[in-house]
Amino acid sequence: MISDVVDPARANALAVTLGLPERFATGDALPPFFHQIYFWEPQPAEALGRDGHPKTGVGLIPDMGLPRRMWAGGRLEFAAPFRAGVPAEKVSSIETTTRKEGRTGPLAFVTLRHDISQDGTLCIREFQDLVYREDPSPGAPAPTTRAAPADEQGEEVSVTTTTLFRYSALTFNGHRIHYDLDYAREVEMYPGLVTHGPLIAQHLMLKAVRELGSLVGFSFRAASPLAHYEALTLCRSGQELWARAPDGRVVMEAVAEAG
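Rules used in this analysis
- Residues numbered from 1 in each chain as written.
- Predicted model: local features only at pLDDT ≥ 70, side-chain atom pairs only at ≥ 80, totals over all residues.
- Heavy atoms only, no water.
- Helix = DSSP H or I, 4+ residues; strand = E, 2+ residues; numbered from the N terminus.
- Expected span 1.5 Å × (residues − 1).
- Buried < 20%, exposed > 50% of the residue type's maximum accessible area, 1.4 Å probe, protein only.
- Salt bridge = Lys/Arg side-chain N within 4 Å of Asp/Glu carboxyl O.
- Contact = heavy atoms within 4.5 Å.
- Polar contact = N/O pair within 3.5 Å; in protein donor to acceptor, adjacent residues only side chain to side chain.
- Pairing = 2+ DSSP bridges.
- Phe/Tyr/Trp six-rings, centres within 6.5 Å; stacked < 30°, edge-to-face > 60°.
- Axes fitted to C-alpha atoms, helices over the stretch in contact; angles between N-to-C directions.
- Arc of directions from axis to C-beta.

> It is not clear to me how helix α4 (residues 197-212) should be interpreted in this structure. Could you clarify?
For an α-helix, the turn length of 3.6 residues means that residues three or four places apart are oriented alike. The first and last C-alpha atoms of α4 sit 22 Å apart over 16 residues, in line with the 22 Å expected at 1.5 Å per residue. Along α4, the residues that are buried comprise P198, L199, I200, A201, Q202, H203, L204, M205, L206, K207 and A208. Remark: G213 follows α4 within two positions and exhibits a positive phi of approximately 100°.

Have a look at this one:
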């Protein structure tokens with residue numbers, strides 16, 4: 001279990017990072033997914049892997065025998081408002097672990113469950129899906145991508161390198177793919193810095209709230225990485241949402257449940 005005071009100043013820093021006009025004081029309900037910037041678990045340098053993330057096998061995160069780990073998606077249930085300035089507790093556990101052979105090699109999947117409460121009341125239940133894979137190699141097949149629906153205009157969101165730095169800082173995310181361009185290109189073989197999957201999911205959730213009202217549930221799945229130089233377009237049709245890259249590929253898809 002991890003406790004946090006849910007400092008309103010941190011929520012306000014995230015609001016600025018996301019370009020939101022709202023500012024929060026003690027007792028205010030925070031937007032969905034803002035809990036991501038709380039419940040830090042800082043690790044000393046010697047407990048970090050080469051990628052700047054905590055090593056697998058440290059704490060709750062299991063070692064699945066594969067070097068690369070990334071956030072593949074998640075599901076959230078919003079049971080009660082998560083409020084700024086109200087002490088909170090987060091209880092985490094491993095829900096499932098599986099292995100399979102993918103097109104590019106072995107894969108492992110881990111689903112974590114996080115229950116977040118304030119004043120003894122469950123506020124958020126989150127299922128976080130992680131995928132583990134081998135290091136990329138020159139000449140390996142390029143990941144497959146899917147085209148997004150072309151008839152939705154959507155709204156464009158600018159994600160700059162400053163945004164990536166601020167979001168990494170607010171979530172205490174040391175993964176080098178988000179700030180070390182040489183590492184991202186030469187080791188992980190991405191074309192640029194990688195926009196955080198949770199940051200994209202955050203923008204989709206905010207769009208869902210603006211257009212559908214308060215949420216009782218939300219699920220999302222990463223489809224393709226987005227480089228720092230690519231604009232992000234948010235689209236919605238009914239309860240389905242997706243994020244689109246400039247070349248038309250789907251970056252993330254989601255389903256919102258309004259209540």
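> Teacher, can you tell me more about the pattern of salt bridges here?
Under the counting rule described, the total for this entry stands at 11 salt bridges. Note that R221 and D129 form a salt bridge whose closest N and O atoms lie 3.0 Å from each other. With a gap of 92 residues between them, R221 in strand β7 (residues 215-222) and D129 in strand β5 (residues 121-133) connect regions that are remote in the sequence. Its salt-bridge partner being E155, residue K207 comes within 2.8 Å of it at the nearest N-O pair. One end of the pair, K207, is in helix α4; the other, E155, is in strand β6 (residues 155-157), and 52 residues separate them in sequence. Each of E155, K207, R210, E211 and R236 takes part in salt bridges that share partners, so that together they form one network.

> Looking at this model, I keep getting lost on the environment of E211. Mind explaining?
In this structure, E211 sits in helix α4. Take E211: its relative accessible area is 36%, and that puts it in the partly exposed class. Separated by 47 residues in sequence, E211 and A258 have C-alpha atoms that sit 9.9 Å apart. Among all residues touching E211, those that are not within four sequence positions of it are E155 and R236. Polar contacts involving the side chain of E211 include one to the side chain of K207, which spans 2.7 Å. A polar side-chain atom of E211 sits 2.5 Å from a polar atom in the side chain of R236.

> It is not clear to me how the pairing of strand β3 (residues 88-102) should be interpreted in this structure. Could you clarify?
Within a regular beta strand, the side chains point alternately toward one face of the sheet and then the other, so they alternate between its two faces. The sheet contact formed by strand β1 (residues 2-4) and β3 spans three bridges and is antiparallel. Looking at the pairing, S3 lines up with E89 of β3. Here β3 runs beside strand β4 (residues 105-118); their pairing, made up of 14 bridges, is antiparallel. Looking at the pairing, K90 lines up with I116 of β4.

> Is there a simple way to explain the packing of aromatic side chains in this structure?
The tally for this structure, following the rule as stated, stands at eight aromatic pairs. An angle of 65° between the planes, with centres 6.2 Å apart, marks the rings of Y38 and F82 as edge-to-face. Of the two residues, Y38 sits in the loop between α1 (8-18) and β2 (68-78) while F82 sits in the loop between β2 and β3, which places them 44 residues apart along the sequence. Each member of the pair, Y38 as well as F82, carries the same accessibility label: buried. Ring centres of F39 and F82 lie 6.4 Å apart, and the angle between their planes is 35°; this geometry places the pair in the tilted category. With F39 in the loop between α1 and β2 and F82 in the loop between β2 and β3, this residue pair connects regions lying 43 residues apart in the sequence.

> Quick question: what am I supposed to make of the sheet that holds strand β8 (residues 232-237) here?
Neighbouring strands of a sheet are bound in pairs by backbone hydrogen bonds; such pairs are parallel or else antiparallel. The sheet built from 10 strands is open, its strands ordered β1-β3-β4-β5-β2-β7-β10-β9-β8-β6 with antiparallel pairing. On the outer flanks of this sheet lie β1 and β6, each paired with one strand and no other. For this sheet, the mean angle separating the axes of adjacent strands, direction not counted, is 25°. The pairing of β6 with β8 spans three bridges and is antiparallel. The residue of β8 that forms the bridge with V157 is L232.

> Please explain helix α2 (residues 161-171) as it appears in this structure.
Of the positions making up α2, those classed as buried are T163, L164, Y167, S168, L170 and T171. Buried positions in α2, seen along its axis, are confined to an arc of 165° and lie on one side of it. Buried residues in α2 make contact with α1 and α4. Downstream of α2 by one or two residues, F172 has phi in the positive range, about 55°.

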